[in-house]
Amino acid sequence: MLNAKTQSILIVDDHVENLSVLSNILKPYYRIRAATNGREAITLALATPAPDLILLDIMMPEMDGYEVCERLKANPTSQQIPVIFLTARTADTDEVRGFAVGAVDYVTKPIQPLLLLARVRAQLALAALLQHTHHQLNVQVEQVIKMTRQRDEHAAYAEHLAHEIIRRERAETALRDSQARFDRLTTRLKDQIIFFSHSAQGELLYCSDGVQLLDTQILPAQLLGKNWITLVAWTAESLARIHTEEQQLLAGEKMIADFEIAYHHKDGELRYFMVHEYLIQESATGTHVVEGIAFEMTAKKAQDAKLRTLVQAVEQASVSIVISDAIGTVLYVNPYFAMVTGYSKEEIIGQNPRLLKSGEHDDRFYEQMWNTLISGQTWRGDIVNRRKNGELFWESAAISPIIDANGLVANYVAVKEDINERKKLERIKQDVEQIMRHDLKSPLNAIIGIPQVLNLDDNLTPSQRELIGLIQESGTNMLDMIDLSLDLFKIETGRYQYQPEAFNLLSLFKRLLHTFDNAIQRKQVNIQISVNGAYPDSDASLRVTAEERLLFSMLSNLLLNAIEAAPAVSSIQIELKGNNPLLLSICNSGTVPMDIRADFFQKYKTYGKRGGTGLGTYSAKLMADVMGFEIGMDTSDVEQKTRVWLKIPTV
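Throughout what follows, the structure given in this document is the object of discussion. Note that this is a predicted model, so its numbers are computed, not measured.

**Let's talk about the overall build of the chain**
When its secondary structure is counted, the chain shows 18 helices and 22 strands. In summary, the chain has a C-alpha radius of gyration of 63 Å against a globular reference of 26 Å for 651 residues, an excess of more than 25%. Counting only C-alpha atoms and orienting by the principal axes, one finds that the chain spans roughly 205 × 65 × 50 Å. Among the 651 residues that make up the chain, the fraction classed as buried is 34%. Looking at the chain as shown, the accessible area adds up to about 38400 Å², and 54% of this sits on carbon and sulfur atoms.

Dropping the structure here:
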């Protein structure tokens, strides 16, 4: 139990005699403080130390007891101090109001000392108990708060720890995934790239499986610690370049080094690599390490060389080459284009090819051209264009669309040959054809017809008839030569209509031998014809399918060449072997000069022959092609023989 003298009571009453009475009753047991009005009472209640109990008179001037109690209970500092009202009022409403404003008891006047002391002791004890209870409660609340705080701290730490574990697990997973991706990258690119790192002295710290590109036949792990420049036989230039580049890296003169190196492969060829490397500083040791990659670029260098050759071929080509975009804007022209058209690259690039438009073609011509190109096909044709100086000229053009990966036209490439001279020649040929067809053939018809009329005279002698026959035969041969010339022109221009038929090839050879009888006798050559190794009878037949007049002309050229090339008093063998196709060979002594062997069937190719035009074998090749024959020539310096052969389909 608390010592009574340690407790203090504040007595509030506006009558001094009442203060004296109450003080005398309570003083033996408590420390007493007194106030005569409400304001003084509030001041003393809020002072330190605060009273343990307040005896408060209700009836006071200015501020009655009810108001004083309300103010005390409204203040957190004084709201826990128990208040006992002292009053002469005995109405129930007064007591109810007193308890309503916060009083704990109600003592009526006149004061009964023993009852007052009992009620004071009871309220002080109750207040002490409440205070102790509040203290215990506060202690418990503080413990709960502390435990809650500790729990929250533990929970927060546990949550932080969980987040940290998750973060580290994610980091480890990301690291494993990154390592897996790097391993996949180095494995899948091992046929193209070497990933490496080495010390400042060149000792390998890491190298990927791509190191097999160096043909070391050693596993990457076994190469660690070795100096990488000793792995293969680098060229002297490469070693010097490596030293220079890495010294500049280590000196801080550059951040990244890119350079090309090469080594001598065991097959004797050079292998090329492009190296891309940089310098880092390891955080753990502070040492400098060179990291990088090396690309195998031997194939690329070869491809680049081919590309350079292609570029040079395009630049030096004797045809115009034009590249445009999908809408026709010129992106590139080669020098030959500038030479032919008179427009420089600067003048034509960025322009449309219609700059060359001549006006000689109608809209339908260009519409068909673009329809062909838009469909993804190559357009080919002859076109009249206009040079910068206004002159018109012919070109043979092939224009092709370039399709991108999405199937769309990305560019157009035009390759154009200046055929102005060819067109002029064609016009001349047409004029010649006109002359031969009308101006020469008309007189020949008369020459051929007159002998027929003369032969009707019964008085002609045999020698006269023979002369008339020679005139008629010569005229017919001349007419055949004119017709053949016209046919060759049609073959060259692709306008000849081939009309094959079956006939006896042996009869054709009899006519040939009769035609060249004078040349054969003059050269004293012996011509032998064999069929499958045997000499045929005079009435034998060997039928083939071809155009007889073309074949006669072609064999005439070949046989005449053989007679002229053969030495005097020698033999020419005409051999016919096999069936469908029939292999026809004309073999003579002597060889074809080395200078014309590769171009034996080319136009105007001749050597050492007086009056030779180089058209005989050329026309033979033309006629063989139009009839679908194969033709070739073999010549042997050892056997001193030349053989021209044909493969002819038989019936």
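From this point, the narrative continues.
**Regarding the pairing of strand E6 (residues 193-199)**
By the criterion of burial, E6 is predominantly enclosed, with seven of the seven residues buried. Burial along E6 is two-sided: Ile193, Phe195, Ser197 and Ser199 facing one way and Ile194, Phe196 and His198 facing the other are all buried. In this sheet, strand E10 (residues 288-296) lies alongside E6 in antiparallel orientation, the contact comprising seven bridges. Across the sheet, residue isoleucine 194 finds its bridge partner in E10, namely alanine 294. Bridge count between E6 and strand E7 (residues 204-207): three bridges; the pairing is antiparallel. Within E7, the residue paired with histidine 198 across the bridge is leucine 204. Hairpin connection, E6 to E7: the antiparallel pair is bridged by four residues, and glycine 202 has positive phi, about 100°.

**Observations concerning the nonpolar core**
Leu505, Leu551, Met554, Leu555 and Leu646 are the most contacted members of the largest nonpolar core, which totals 50 residues. With nine residues, the top contributor of residues to this core is helix H16 (residues 548-565). Residues within four places of methionine 554 in sequence aside, it is in contact with Ala620, Met623, Ala624, Met627, Phe629 and Leu646. Ala257, Phe259, Phe273 and Ala294 belong to the second largest nonpolar core, which has 22 residues in total.

**Observations regarding the sheet that holds strand E12 (residues 330-333)**
In space, the five strands of this open sheet follow the order E12-E11-E15-E14-E13, with antiparallel pairing throughout. Edge positions in the open sheet fall to E12 and strand E13 (379-386), since each of these has one partner strand only. Each strand of the sheet is rotated relative to its neighbour by a mean of 30°, with strand direction disregarded. By the bridge criterion, six bridges tie strand E11 (residues 320-325) to strand E15 (residues 409-418) in an arrangement that is antiparallel. By the bridge assignment for E15, serine 324 is matched with tyrosine 412. Contacting E13, strand E14 (392-403) and E15, helix H11 (residues 363-374) crosses the sheet at an angle of about 140° to E13.

**A word on the pattern of salt bridges**
For the coordinates displayed, the defined rule picks out 21 salt bridges. A salt bridge links lysine 621 to aspartate 625, with the shortest nitrogen-to-oxygen separation between them at 2.8 Å. Residue lysine 621 and its partner aspartate 625 are both found in helix H18 (residues 616-626); the two are separated by four residues, about one turn of the helix. The class of lysine 621 is partly exposed, set by a relative accessible area of 28%. In this structure, a network of salt bridges that share partners links the residues Asp13, Asp57 and Lys109.

Cut-offs and rules
Residues numbered from 1 in each chain as written. Predicted model: local features only at pLDDT ≥ 70, side-chain atom pairs only at ≥ 80, totals over all residues. Heavy atoms only, no water. Helix = DSSP H or I, 4+ residues; strand = E, 2+ residues; numbered from the N terminus. Rg over C-alpha atoms; globule rule 2.2 N^0.38 Å. Buried < 20%, exposed > 50% of the residue type's maximum accessible area, 1.4 Å probe, protein only. Areas by Shrake-Rupley, 256 points an atom, 1.4 Å probe, with all protein chains shown as cover. Pairing = 2+ DSSP bridges. Core = buried A, V, L, I, M, F, W, Y, C linked by side-chain atoms within 4.5 Å. Contact = heavy atoms within 4.5 Å. Axes fitted to C-alpha atoms, helices over the stretch in contact; angles between N-to-C directions. Salt bridge = Lys/Arg side-chain N within 4 Å of Asp/Glu carboxyl O.

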